[in-house]
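Take a look at the letters that make up each chain.
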Amino acid sequence: MEKEEKSLRSYFTAQWKPLAVVTVSGIIYNVGMAAGPWFEGQLAQCLLNILEKKTTYFTMVRLALGYVLTIFLVQFMRYLKRLYVRKFANRTILTLRSQLYYALLTGQKQTDIGDVMTKALSDADDCAEGMRKFTTEIFDTGVVMVVYLCMLFAYDWRLTLLVLIFPPLAYVLAAGLKKPVTTSVANAKKATGELNKATLDRTQNALTYRIFGVEDSQNRHYERYLKNYEQKQIKAGVLINVAEPLYYIVSSISFILIIYLGGKNVLGQGWQAWNLAAFSTYLACFGKLAVKSSHAANLFNAVQKAEVSWHRIKPLLNQEAAPTKQVAKSGDLQIKDLAFSWDQKPLLQKVSLTAKPGQIVGITGPVACGKSTLGRIFLEKIPYKGSASLGGQEVKDLLDKVVLCSYQGHQPQLFSASIADNITLGQKEDLTLDQVLGDADLTPDLKEMPNGADTEVGDRAQLLSGGQAARVALARALYFKRPLLVLDDPFASVDEDTAQHILAALKANYQDRITLLISHRLEFFPQLDSVLYLDGDQTRFGTHAELIAESPGYRKLFEGGEPNAK
Amino acid sequence: MPSKKASPIKVFAKAIGHYPGLTLCLILVIVLDVVAALAPPLLLGKIVDSLTTTSAQLLLYSGLAYFASLLLTKLLEAVREGMITVWGEKLTHEIRSQMAAKLKKLPASYYAQEGSGSLVSRFVNDVDTLEDLFSSGIVNMIADLASVIGIVVVIFSKSVGLGILLLLFLPIVWLFTVKIQQKSYRAQLDNREAIADADRVLPETTANLLTIHLYRAQSFMKHHYEKILKRSFDAMQQSNFCDSVYSPVVIFIQAVLTGLMLLLASLGGPWQSFFGISAGTAVAIIAYVGQVFTPLSSIGMEIQNIQAAAAGSQRIANFLSAEERPEETESLGNNAKAERSNSHPAIEIKDLTFSYPNGKKIFDHFNLVIREGEKVTLKGRTGAGKSTLFKLILGLYAPQGGSIKILGQDVQTLPDSQRRQLYGCVEQTFQLIDGNLGEQISLRDPAISDQEIWQALETVGLADAVKKLPDGLNSHVTNATFSHGQMQLLTIARAISAKPRLLLFDEITANLDRETENRLLKALERASQGKTLLSISHRTELLKDGRIIEIKRNNHN
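A quick note: this is a predicted structure, and the numbers were derived from the prediction, not measured.

A. Expanded view of the overall build of chain B. Per the secondary structure count, chain B includes 18 helices and nine strands. Here the analysis covers contacts within chain B between residues at least 6 apart in sequence; of these, 79% occur between residues at least 24 apart. As displayed, chain B offers around 23,100 Å² of accessible surface, 59% of which is attributable to carbon and sulfur atoms.

This is the structure in structure tokens:
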């Protein structure tokens, strides 16, 4: 990924093509805006001339045709400008959203789902909307204001200088309102995030709330967030909406001067000699300018709103992306005197084991013996002491560069996609989908589903049973060939026949990797190549028969008792 | 699918009905504003007419008067805008409250079908579109339409022929508007659907980051997300086209009309009486034509908002009229309460027949009686129907035939207020809610005191661990606060905090090591003392004294 810091400007430069179309069509359109009033004046004049028999009907036909064609050209330019500005904004939303999503994929884990959602959805939209408005108004306000200003100066430059004192005052007012507007918009955004979080909580846990009969309490709780949201939105909305009329009032103080001084011009007592038409045109022109300048002040706020959003998402977009790691090479696993303390209490001690590809190592032990933690040292960096090496390289160091294992944990971690997609994740591996489906004993389940492996698992795998979801996760762990296969409690929610089927498949078809089978169901352990019994300083490694002979704790556990029970 | 005809109008009417005073005030301000807006041009006309005959002194007063009329108009506009905001926010608040109330009435199957992503989208995105509409579009449109009628009347009074010509053009503009609207509407619907799907991907990704990193699925997920975004992008391009093309076409039609009017007006001869106007009137009519199309094209500008809101409100209306589960019956509940001490079985299932909507039959005339105080374990292969039976007992699904009674009460009509005292359910996984530790257990139920929470924690053996937390019951709980086993114990504490008479344990031993399992079983033994216990298990040895019931496909014992 590119290293340079992302700025709002970069989204403009990235799309210079549509913006070039916008610029050309925008300038032609806005300069052409003056053509309409000019033609309309000519049309009225022509009608007067025809009525007074000074010209012929043919002149009117030519003029009307010219008028319609000119408007067509100008409006076509307007269409191009509008379409491309929107294209630009739409593309920006797409880019922003997918960049935010990529940040989520590669960055640190975000705990605040509701906030991530608001950021991704609402802020990206606000940003793009602010950029669209900014781009539009540069032409519709900027260029048009220049055209109108030229006309005003041409009619009476002294009056124009006086009259132009007031529109800038509107900008001063806008600047004064900047802080309260920014604050209230930020507060409203915060309330939106909180409300989204509450919405997520209310809907995702709806069935839990139902079975406990507390839905009324939840609705009352949710109502508090709604109330807060309403108040914050009203405050921000009123400040923004009330601003524009206020700007207009300030700029229209000038009308007093125009009517007084311009009227004197018509009376022949002023700086310039005016007729009625000049008076009307000047007044109309200034009226349009005042409206435009009040829009411009409003635009100021829209840009600010975009800035607030931008500053919220900028850190997310600019955080460093972790590169996708390579898969480690296969090799022997060697653990020697591994120890790990958690919260200053020793959890794992004197752990040693060796395993070659094709072997299955059962890992068990009494409660809180650190079985799951041992499994996780191959997933994430855990500061253990001693050594764990794969193919002669230390696991801790390997984890920075490569992926060591596939893993089935307590949570199935499925996506709202088809069963097949959940297993292959769009990747081609050595094994076929059918093979792993069979090995995870999913084939009988698939026969009952309408679309077989293409059946959707639904949101949070709700369309599968808990056992089916676990076996889909197992099939995925089997599908991806890694030096290590770590299965944390794969038999937790399957019956004995299924468990036996899976174990047989593991032994027959996965000779290319080392399998660590973490389990508290020991009935299958005699069939495994070796067993690691974790129990503090009583930790032992050997074959099942060896441990039965040497380790009273393991023996007791195997016979169904508690190793520590006196 | 909606059971009866879902009308967005009804939704609005109901919400507006909650704020009659505010709505009346808003209407009053709008009327005042429309009337006041007529004043400045009128005043300006008078000033222009008298310009050649006036004095400098009078000019100054005219200028001040004109400014005063502008000030009044704009102040009223500011008040109007402010009130629209307040009104819009109150209405959207009301609609969201109604939607929250609806959540309670939806059957459990709705949640499985729709998924939380699209529910969230209904609450967030769809209501947002309404909020946008309330805060700008709708009110201004009404004022605009009123001014269109005024202008048509004025032009007719100047020239009947030109008036008729104008009336011929209005339907053209109208038809064009409708056509664009339809196209835009379809695009908006597609966009909303795509956005709802995209919303679902985010929380899912957060929860499954480990898997994504492990299987190097970053680019798959990015592709997956972008595919959904692209759908939204394409739909947006459609509606952008509509949005861009509308207003330029309308202004072009306006130019054609203006050109045509002046051509007809300058025909002279026999047409003079029908189309003839003076040059002054021509200037006025050109201005009027501009004015009559401006409101129409500003409606066009709002097309996107209006269409989005129409699509959003239709979905909200569908949601609000979705089929509801049977209502709880409080009075019946009270009767049953009195009877409860009599010898009703804890659970009585008679002739239960149930199949899923996809036709998979789970129970066929199934019967089961569990007496008070019994400990019963359900056994069977995955997918045989153990969890389904639980959901039926919990009243989440309605059986197609037969009945399920808890202590003599039909679970389908069991009132919420009694639910927790009757039974507690230990769910398969701990559902972490957005709240502090106390709330994790009480689920914000005001009837459960801190003392009861501590008692529940004591029973499951978590009290010491909680006392060690800096904020005790007020500690914020995340997935990292407790170990997996402790989370499972919290699930039990949640289930027993209201001291129910019947406990349901779903797959109690899943995902736990043996010692935690033992701790859990001991906690369960303490918790279920003197209570009826029904549990799901894959292994039979766990509850030594209990009765074991085998659940098979197509149960009909």
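B. Broad picture of helix α9 (residues 215–251) of chain A. Here α9 of chain A contains 37 residues, and its C-alpha end-to-end distance of 54 Å stays within 8% of the 54 Å for a straight helix at 1.5 Å per residue. The axis of α9 of chain A is deflected most strongly, by about 30°, at Ala243 of chain A, and proline Pro245 of chain A appears within four residues downstream.

C. Layout of the pattern of salt bridges. Within this structure, the stated rule accounts for 36 salt bridges over all chains. With a shortest N-O distance of 2.8 Å, Arg376 of chain A and Glu380 of chain A are connected by a salt bridge. Glu380 of chain A gets classed as partly exposed once you look at its relative accessible area, which sits at 32%. Close ionic contact of Lys230 of chain B with Asp234 of chain B constitutes a salt bridge, the shortest N to O distance being 2.9 Å. Of this pair, Lys230 of chain B and Asp234 of chain B both sit in helix α7 (residues 218–265), four residues apart, roughly one helical turn. On the basis of relative accessibility, which here comes to 39%, the residue Asp234 of chain B falls in the partly exposed class. Taken together, the shared-partner salt bridges connect Arg202, Arg210 and Glu215 of chain A together with Arg325 of chain B into one network.

D. The packing of helix α1 (residues 8–17) of chain B against helix α3 (residues 56–105) of chain B, seen in detail. Residues and elements named next belong to chain B. Direction vectors running N to C along α1 and α3 enclose 115°, while the axes themselves pass 9 Å from each other. It follows that α1 is roughly perpendicular to α3 by the angle criterion. As α1 runs across α3, the sense of the crossing is right-handed. Between α1, through Val11, Phe12, Lys14, Ala15 and Ile16, and α3, the contact on the second element is made entirely by Trp87, Leu91, Glu94, Ile95 and Gln98.

E. Expanded view of the interface of chain B and chain A. In this complex, chain B contributes 145 residues to the contact, which on the side of chain A involves 145 residues. In total, about 13,500 Å² of surface goes out of reach between chain B and chain A, with carbon and sulfur atoms giving 65% of it. For Arg444 of chain B, the salt bridge goes to Asp201 of chain A, with nearest N and O atoms at 2.8 Å. Here the side of chain B that touches chain A is composed, by residue class, of 71 nonpolar, 38 polar and 36 charged.

The rules we used
Residues numbered from 1 in each chain as written. Chains lettered and ligands numbered in written order. Predicted model: local features only at pLDDT ≥ 70, side-chain atom pairs only at ≥ 80, totals over all residues. Heavy atoms only, no water. Helix = DSSP H or I, 4+ residues; strand = E, 2+ residues; numbered from the N terminus. Contact = heavy atoms within 4.5 Å. Areas by Shrake-Rupley, 256 points an atom, 1.4 Å probe, with all protein chains shown as cover. Expected span 1.5 Å × (residues − 1). Bend = angle between axes of the 7 residues up to and from the residue. Salt bridge = Lys/Arg side-chain N within 4 Å of Asp/Glu carboxyl O. Buried < 20%, exposed > 50% of the residue type's maximum accessible area, 1.4 Å probe, protein only. Axes fitted to C-alpha atoms, helices over the stretch in contact; angles between N-to-C directions. Parallel < 35°, antiparallel > 145°, perpendicular 65-115°, else oblique. Left-handed = near helix turned anticlockwise from the far one by under 90°. Buried area = accessible area lost by both parts, 1.4 Å probe. Nonpolar A, V, L, I, M, F, W, Y, C, P; charged D, E, K, R; others polar.

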